[in-house]
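Breakdown of the fold
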Amino acid sequence: MTLEVPDAFSPGKTPKFQELAKVSLADTQLRRNIGKAARGIREKRAVAVEELPDWQELREAGRAIKERTLRHLDHYLLQLEESVRKAGGQVHWARDAEEANRIIAGIARDHDADEVVKVKSIATDEIKLNEHLESEGIKAHETDLAELIIQLAGEESSHILVPAIHKNRAEIREIFLRGLDVEDLSDDPKDLAEAARLYLRKKFLSAKVGVSGANFGVAETGTVCVVESEGNGRMCTTLPPVLVTLMGIEKLIPTWRDFEVYMQLLPRSSTAERMNPYTSFWTGVSEGDGPQEFHLVLLDNGRTNVLADERGRQALNCIRCSACLNACPVYERTGGHAYNSVYPGPIGAILTPQLVGIGKPGPDSLPYASSLCGACYDVCPVKINIPEVLIHLRGRVVRNQQSGDGLAGTLNPENVAMQIMAKTFADPALYERSQKLARIGQWPLARSGTIHRLPGELSGWTRTRDLKPVPEKSFREWWRERKNGEG
Amino acid sequence: MGTARETILARIRRATRDVPAAEKPEDVPVERGYLTEGADAREAVVDRFAEYVAEYKATVHRVDEKDLPRVIAEALERRGVEKLVIPAGLPGEWVPEGVETLRDGEDGSQLTNGDLDGSDGVLTGCSLGIAQTGTIVLDAGAGQGRRALTLVPDYHLCVVKEDQIVDLLPEAIAQLKGAVKDAGRAVTFISGPSATSDIELNRVEGVHGPRTLEVLISG
Ligand code: SF4
């Protein structure tokens, strides 16, 4: 399914979540694929996490290290720059997508490269690098199996980690027959993978320039890390003589030692494995080993907007594991396209509007794309309190709309209610208590499944909008019981 | 407007105005309450490593050190390897007679990517094994070679000595610090052969890296 709409990072008006969700909900194949995938990963993840007795301590360390980094980001970025230079790499700074694209295309042109090989990276999708390179006559070859499928199909990905989640094998066979120049092909996943391997190997062995994103960059040593499954990340970062890595400034960690935390948190949270098949760590240029020219491009593109919001800042902790997507009942039903951003799901709902700035109808609708069940917070390996930030951003959206009307945003009833809700969400126990209270308190007020008025502090919230009643059993309660029942 | 670097740094400083000027990075508490060392006996650690590596669909053999040359020769023969890539610094007695060896990194010469692509496999040692995750760590040291050697060939035969196996990941990270910080060497974690799960979430072996990983644990 292709949605011909500009995404949240495009200029101009973009559609709202609710509009796009309607399209996705009508696509049963999409829903079936995403449902199957999300359930499968969710169950496996719980097993992988239970194997570590110190999971909660690791989460807390993962959160705290990111907090330290973000509070002193200038210090650590300068340290990173110095470390990379000392190790023989070059560092570039890009204020926005356009500047990053220009830098990367310039490096390719300096080497007369009319094609580059790429390993999947959300940051390069965010800046629309492929399109930009294309416009300069440089072809970017995606080399993940899923990204190759997406690229050949001419679509955007629907899931951070498993981007082709919405395609079944018969569809993939069709796409390969058209795009890979093969005569005959079965729809056995093994054969499909083989066809991709042969096609891409030629590209790896001849490419002059490789392009990657980064999962982590280490201030202390200048080491950059790419975590992956297929081996195309190793190919892209090892075989071409020149390597360009685009890294969001929030991907920084202070020390080499910090990998002892994140390399435990990330694989188990993302693919539910003890460890992903391949992880590459490189430090500038190593003589005689791998690319002899290395460029690190540091990207802002709205990240400093996120940093400026004391409560929303924690969205930058994200290590892109996608556990929150798989845990999210809204995502499970709508799929990634409805979020209309390279960052879908719960994390996208708090990251996208902050990155592009409050005040755009499409992204402004994202903080409402949630039932606030809290499952995303429970699974997040770096303890991002997504429900808290969602509520906080709803407040900002409302405040912003009202300031346009000349009203003082802080006096608005919804806003006051939002601030109370935000406090409640900051404390999970308080949140559950309030949900139980709401459930007991609401039934005389609910008519035809919709609450029109709530007593007490929250009543301002329903004056402007109908509120769905709190379900009999909250998702959180259900989830916990289910987990207990299984364990 | 200054350079991008100045602008971004200025934006960051503005965005973090809530952070007290006197606060140092170390003032932000980081509680490392997790385990940094395993408590299990050696035997159990080695067993777990063998078990977890095998779970990734790699072939694992336990070998007595003195039998290594014979077991290596047998593995290569089973696989039908004729052209074998050999990194510099690999113990001479590991290299069997009768196979054509493609040596890399001796007296400064390097094999081409084409040579590697045309080979039947590569034989290496390793830097470390991690039992907790079934991971083999390469750090481009002696007997391991540069990264391309263990990436392009379709078959990787890797020798892990029992005393190279650590229990928990933090132990491995601590041991690798010197190779990274002082020597600036590249480090690769390998946990099973290359895999993808992108087609209807079925794990398919080998999209890009070596499709067969065989591990000899020697002690
Ligand atoms: S917000 Fe947390 S759970 Fe979601 S992708 Fe980021 S790190 Fe993972």
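Preceding block: the structure.
Here's a quick rundown of the structure.

Notes on the overall build of chain A
The helix and strand tally for chain A stands at 23 helices and 12 strands. Buried positions account for 64% of the 487 residues belonging to chain A. For chain A, restricting intrachain contacts to residue pairs at least 6 apart in sequence, the fraction spanning at least 24 positions comes to 73%.

What to know about the overall build of chain B
A count of helices and strands for chain B gives 5 helices and 12 strands. Computed over C-alpha atoms, the radius of gyration of chain B comes to 22 Å, more than 25% over the 17 Å expected from 2.2 N^0.38 for 219 residues, which places it beyond the range of a compact globule. Counting only C-alpha atoms, chain B reaches 70 × 45 × 45 Å along its principal axes. Within chain B, the proportion of its 219 residues that are buried is 54%. Relative to all contacts within chain B whose residues are 6 or more apart in sequence, the contacts with residues 24 or more apart total 71%. Within chain B, the 38 negative side-chain charges are centred at a point lying 8 Å from the centre of the 25 positive side-chain charges.

Focus on the environment of Glu273(A)
Residues and elements named next belong to chain A. Within the fold, Glu273 resides in the loop between α12 (259–270) and β9 (278–283). Residue Glu273 is classed as buried on the basis of its relative accessible area of 14%. The spatial distance from the C-alpha of Glu273 to the C-alpha of Gly35 is 20 Å, given a sequence separation of 238 residues. Within polar-contact distance, the side chain of Glu273 engages the side chain of Thr271 at 2.7 Å.

Some points on the nonpolar core
By size, the foremost hydrophobic cluster in this structure holds 106 residues, and its most contacted members are Phe259(A), Tyr262(A), Leu298(A), Ile347(A), Ile350(A) and Phe189(B). Non-local contacts of Leu298(A), meaning those with residues more than four positions away in its chain, are made with Leu77(A), Leu80(A), Val91(A), His92(A), Trp93(A), Ala94(A), Met247(A), Ile249(A) and Ile8(B).

Remarks on the packing of aromatic side chains
Going through the model one piece at a time under the given rule, you end up with 8 aromatic pairs over all chains. Between Phe216(A) and Phe259(A), the aromatic rings sit 5.7 Å apart at their centres with planes inclined by 90°, giving edge-to-face as the arrangement. Separated by 43 residues along the polypeptide, Phe216(A) in strand β5 (residues 216–218) and Phe259(A) in helix α12 bring together distant segments of the chain. Each member of the pair Phe216(A) and Phe259(A) is classed as buried. Here the aromatic residues Phe216(A), Trp256(A), Phe259(A), Tyr262(A), Phe281(A) and Phe189(B) are joined through ring pairs into a cluster of three or more.

Things to note about the sheet that holds strand β6 (residues 223–228) of chain A
Taken together, 8 strands build an open sheet; the order of strands is β8(A)-β5(A)-β6(A)-β9(A)-β9(B)-β6(B)-β5(B)-β8(B) and the sheet is mixed. Sheet topology places β8 (252–253) of chain A together with β8 (165–166) of chain B at the edges, where each strand pairs with a single neighbour. Alignment of β5(A) against β8(A), held across 2 bridges, turns out to be parallel. Counted as the bridge partner of Gly217(A) is Leu252(A) from β8(A).

What to know about the pairing of strand β2 (residues 83–87) of chain B
All names here are of chain B. Burial analysis of β2 places 4 of its 5 residues in the buried class, the great majority of the element. In this sheet, strand β4 (residues 121–124) lies alongside β2 in parallel orientation, the contact comprising 2 bridges. Bridge pairing in β4 places Val85 opposite Val122.

Some remarks on the site of the ligand
Cys318(A), Ile319(A), Arg320(A), Cys321(A), Ser322(A), Cys324(A), Ile347(A), Cys380(A), Pro381(A), Val382(A), Ile384(A) and Ile386(A) make up every residue found near the ligand. In the shell around the ligand, the residues fall into 10 nonpolar, 1 polar and 1 charged.

Details of the packing of helix α9 (residues 169–179) of chain A against helix α10 (residues 189–206) of chain A
All names here are of chain A. For the pair α9 and α10, interaxial distance at closest approach is 11 Å and the crossing angle is 30°. In terms of orientation, α9 lies roughly parallel with respect to α10. Helix-helix and strand crossings are classified by hand; for α9 and α10 the assignment is left-handed. On α10, the residues that touch Arg169, Ile172, Arg173 and Phe176 of α9 are Pro189, Leu192, Ala195 and Ala196. Tallied by class, residues from the contact of α9 with α10 come to 6 nonpolar, no polar and 2 charged.

Thoughts on the interface of chain A and chain B
Between chain A and chain B, the contact holds 94 residues from the first and 80 residues from the second. In this assembly, chain A and chain B are joined by 14 salt bridges. Broken down by class, the residue content of the side of chain A that touches chain B amounts to 43 nonpolar, 21 polar and 30 charged. Relative to strand β9 (residues 187–190) of chain B, β9(A) is paired through 4 bridges, and the arrangement is antiparallel. Residue pairing for β9(B): Thr279(A) is matched across the bridge by Phe189(B).

Regarding the sheet that holds strand β7 (residues 155–161) of chain B
Residue and element names in this part refer to chain B. One open sheet holds the 6 strands; their spatial order is β1-β12-β7-β4-β2-β3, and the pairing between them is parallel. One side of each edge strand has no neighbouring strand; the edge strands of this open sheet are β1 (59–63) and β3 (100–104). Strand-to-strand, the axes of this sheet are offset by a mean angle of 20°, without reference to chain direction. Bridge count for β4 against β7 is 3 bridges, and the pairing is parallel. The partner of Leu123 across the bridge, within β7, is Leu157. Docked against the sheet, helix α2 (residues 42–55) engages β1, β7 and β12 (212–218), running at close to 150° with respect to β1. Contacting β1, β2, β4, β7 and β12, helix α3 (residues 68–79) crosses the sheet at an angle of about 165° to β7.

Things to note about the environment of Thr352(A)
Residues and elements named next belong to chain A. Note that Thr352 resides in helix α16 (residues 345–356). For Thr352, a relative accessible area of 0% gives the class buried. Sequence-distant contacts of Thr352, defined by excluding residues within four places in its chain, comprise Ala8, Phe9, Ser341, Tyr343 and Leu366.

With respect to unusual backbone geometry
Residue and element names in this part refer to chain A. A positive phi angle, near 60°, is found at Ala272, a position not held by glycine. For Ala272, the position within the fold is in the loop between α12 and β9. You will see that Arg320, though not glycine, has its phi angle at about 55°, which is positive. Along the chain, Arg320 turns up in the loop between α13 (303–308) and α14 (323–327). What makes Arg320 buried here is its relative accessible area of 9%.

Structural notes on α2(B)
Residues and elements named next belong to chain B. In a regular helix each residue adds 1.5 Å, so 14 residues correspond to 20 Å; α2 covers 20 Å between its end C-alpha atoms and thus fits that length. All of the buried residues along α2 are Val45, Val46, Arg48, Phe49, Ala50, Tyr52 and Val53. Taken together, the buried residues of α2 touch β1, β5 (128–130), β6 (135–138), β7, β8 and β12. Positive phi shows up at Lys57, right after α2, with a value of about 70°.

Digging into helix α1 (residues 4–15) of chain B
With 12 residues, α1(B) extends 16 Å from end C-alpha to end C-alpha; this agrees with the ideal 16 Å at 1.5 Å per step. Among the residues of α1(B), Ala4(B), Thr7(B), Ile8(B), Leu9(B), Ile12(B) and Ala15(B) are the ones counted as buried. Residues of α1(B) that are buried in the fold lie against α4 (73–86), β1 (90–94), α5 (97–110), β10 (293–299) and α13 of chain A.

Reading guide: rules and limits
- Residues numbered from 1 in each chain as written.
- Chains lettered and ligands numbered in written order.
- Predicted model: local features only at pLDDT ≥ 70, side-chain atom pairs only at ≥ 80, totals over all residues.
- Heavy atoms only, no water.
- Helix = DSSP H or I, 4+ residues; strand = E, 2+ residues; numbered from the N terminus.
- Buried < 20%, exposed > 50% of the residue type's maximum accessible area, 1.4 Å probe, protein only.
- Contact = heavy atoms within 4.5 Å.
- Rg over C-alpha atoms; globule rule 2.2 N^0.38 Å.
- Lys, Arg positive; Asp, Glu negative; His and termini not counted.
- Charge placed at Lys NZ, Arg CZ, Asp CG, Glu CD.
- Polar contact = N/O pair within 3.5 Å; in protein donor to acceptor, adjacent residues only side chain to side chain.
- Core = buried A, V, L, I, M, F, W, Y, C linked by side-chain atoms within 4.5 Å.
- Phe/Tyr/Trp six-rings, centres within 6.5 Å; stacked < 30°, edge-to-face > 60°.
- Pairing = 2+ DSSP bridges.
- Near = heavy atom within 4 Å.
- Nonpolar A, V, L, I, M, F, W, Y, C, P; charged D, E, K, R; others polar.
- Axes fitted to C-alpha atoms, helices over the stretch in contact; angles between N-to-C directions.
- Parallel < 35°, antiparallel > 145°, perpendicular 65-115°, else oblique.
- Left-handed = near helix turned anticlockwise from the far one by under 90°.
- Salt bridge = Lys/Arg side-chain N within 4 Å of Asp/Glu carboxyl O.
- Expected span 1.5 Å × (residues − 1).

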